[in-house]
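# Close look at the chain arrangement
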Amino acid sequence: MKVIVGIPSYNNADTIGYVVRQAAEGLKRYFGGGLIINSDGGSKDGTREVVMKTPVPEGVEVRSLVYKWPIPGKGSAMKEVLEIAREEGADAVVFVDSDLRSITPEWIYKFAKPIEEGYHFVAPLYLRHKYDGTITNNIAYPMTASLYGYNVRQPIGGDFGISAELIDTYLGDEEIWKSDVARFGVDIFLTTTAIAEGFKVIQTALGVKIHDPKDPAASLGPMFNQVVGTLFMLMQKYEDKWKNVRDIKPVPVFGEMEVREPEPVKVSLDLLKERARNLFEENKEILERALSKETFEEVKEALRTFDFDDVLWSHVLFDGAVAYKNGILKNAEPLVPLYFAKTADFVEKTKDMTTEEAEKLVLKRAETFLKEKDYLLERW
């Protein structure tokens, strides 16, 4: 089986050498060798030099490429790898993030082996700290599960296994790569497309994820906008696929999951609340137009108390999707203050819980979104 590992990077000199070593060892041990492609967005910290100097076993080739993409970003880097994989006739592409500290050689096996067994898309299943991945827990997971009916827990995990057939589907629509899919929208695009186009999907058990997590209050940057905007765009593309979905199917898991408490992730609760209130004032006018009258009134109350239940949160995102479709929202940015408020609510409610206990609330959230789907369908 011919496996190519793709590692997109941008200024990851501190962590990427370790990732390359583990990936190379995995290729050698389980597949007799293979190709690693580092697709770099123009790092200034010597990332590519680290990649090329990392010793790898015989039979493993390493390439580091730097491109002037029309739209710089993670998606463009991954598209580059997919195009090379297609040219090289790869059976499977495994993508891993360049800041992973928990990757082992087994990860390569765990992403590629299910493809050998007939699956097309392998999503990661990690144990993450309750405050790591707040966009996943609050938006990407409950929206994907309730819309498309597949319980993929980490739809924007960043690490994936992809079959040759699926590569053609991803590269088939040139226009979509001119959107936020070229940036951080790529992960939700890969997952949603695989599910909506009817490919065989599986999750692979990877244990604890250790990477460079970010405090959601301090560093969000353009990621929120690109992920949520892409999610909303794909809702229009695939509306015939999600409208009639009425249940959430379990998705098989490859391998066994170990359960332990992950490294803590710090969250600045006061900063979340402060930013939620300030940004809400800045976006009040557009939010009043984007949300239903009832939702808008409930949101104002939630920003006073920071008690932001999942029913209200589902209505916010469903209204947001409709406003995006109708051109009232040009992007997802006005929803950021409400995301901060929802995250603050989650931090408050789970501060004395273990990650395992908090996880139950996240899983319940997807069920709530599914129950509220009629609200979306009425407005859509």
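Here's a quick rundown of the structure. Bear in mind the structure is a predicted one, so any value in this text is a computation, not a measurement.

### Describing the overall build of the chain
From N to C terminus, the chain includes 15 helices and eight strands. Here the C-alpha atoms of the chain give a radius of gyration of 20 Å, agreeing with the 21 Å that 2.2 N^0.38 yields for 380 residues. Its C-alpha atoms give the chain principal-axis dimensions of about 65 × 40 × 40 Å. For the chain, the proportion of its 380 residues judged to be buried stands at 60%. By sequence separation, contacts in the chain at least 24 residues apart represent 84% of the contacts at least 6 residues apart. Only carbon and sulfur atoms are counted for the fraction: they give 49% of the accessible area of the chain, which is about 15500 Å².

### With respect to helix α12 (residues 310–325)
Between its first and last C-alpha, α12 extends 22 Å over 16 residues, near the 22 Å set by a 1.5 Å rise per residue. Where burial is concerned, most of α12 is hidden: 13 out of the 16 residues are buried. Taking the backbone nitrogen of valine 311 as reference, a side-chain oxygen 3.0 Å away marks aspartate 309 as the first, capping residue of α12. A positive phi of about 80° marks glycine 327, the residue just after α12.

### Considering the sheet that holds strand β4 (residues 92–95)
The strand order across the open sheet built from eight strands is β3-β2-β1-β4-β6-β5-β7-β8, with neighbouring strands paired in mixed fashion. Strands with a single pairing partner mark the edges of an open sheet, and in this sheet they are β3 (60–66) and β8 (253–254). Looking at chain direction, strand β5 (residues 121–127) and strand β7 (residues 201–208) are connected through seven bridges and run parallel. Bridge pairing links phenylalanine 121 to valine 201 in β7.

### With respect to the layout of surface pockets
One number sums up the size of the second largest pocket: a volume of about 370 Å³. In terms of lining, the second largest pocket is formed by 23 residues, of which the most central are Leu125, Tyr126, Leu127, Arg153 and Glu359. Elements with a minimum of two residues in the lining of the second largest pocket: β5, α5 (134–148) and α14 (355–371). No other element matches the six residues that α14 contributes to the lining of the second largest pocket. Within the lining of the second largest pocket, the residues separate by chemical class into 11 nonpolar, six polar and six charged.

### Quick look at the nonpolar core
Core analysis: the largest hydrophobic core is formed by 96 residues, its most contacted members being Phe121, Met143, Ile162, Tyr170, Met235 and Leu338. Methionine 143 has contacts with Leu231, Phe232, Met235, Leu317, Phe318 and Phe369, leaving out every residue within four places of it along the chain. Core analysis: the second largest hydrophobic core is formed by 30 residues, Val3, Ile7, Val62 and Ile108 among them.

### Concerning the pattern of salt bridges
Considering all chains together, one arrives at 32 salt bridges under this definition. We note a salt bridge from arginine 29 to glutamate 106, for which the minimum N-O separation is 2.9 Å. With arginine 29 in helix α1 (residues 13–31) and glutamate 106 in helix α4 (residues 105–116), this residue pair connects regions lying 77 residues apart in the sequence. The class for glutamate 106 is partly exposed, based on a relative accessible area of 27%. For arginine 260, the salt bridge goes to glutamate 258, with nearest N and O atoms at 3.3 Å. Arginine 260 sits in the partly exposed class, given a relative accessible area of 45%.

Basis of the calculations
Residues numbered from 1 in each chain as written. Predicted model: local features only at pLDDT ≥ 70, side-chain atom pairs only at ≥ 80, totals over all residues. Heavy atoms only, no water. Helix = DSSP H or I, 4+ residues; strand = E, 2+ residues; numbered from the N terminus. Rg over C-alpha atoms; globule rule 2.2 N^0.38 Å. Buried < 20%, exposed > 50% of the residue type's maximum accessible area, 1.4 Å probe, protein only. Contact = heavy atoms within 4.5 Å. Areas by Shrake-Rupley, 256 points an atom, 1.4 Å probe, with all protein chains shown as cover. Expected span 1.5 Å × (residues − 1). Polar contact = N/O pair within 3.5 Å; in protein donor to acceptor, adjacent residues only side chain to side chain. Pairing = 2+ DSSP bridges. 1 Å grid on protein atoms, 1.4 Å probe; cavity = no way out; pocket = protein on both sides within 12 Å on 5 of 7 lines; lining within 4 Å. Points joined across faces, edges and corners; volume = space filled by probe spheres on them. Nonpolar A, V, L, I, M, F, W, Y, C, P; charged D, E, K, R; others polar. Core = buried A, V, L, I, M, F, W, Y, C linked by side-chain atoms within 4.5 Å. Salt bridge = Lys/Arg side-chain N within 4 Å of Asp/Glu carboxyl O.

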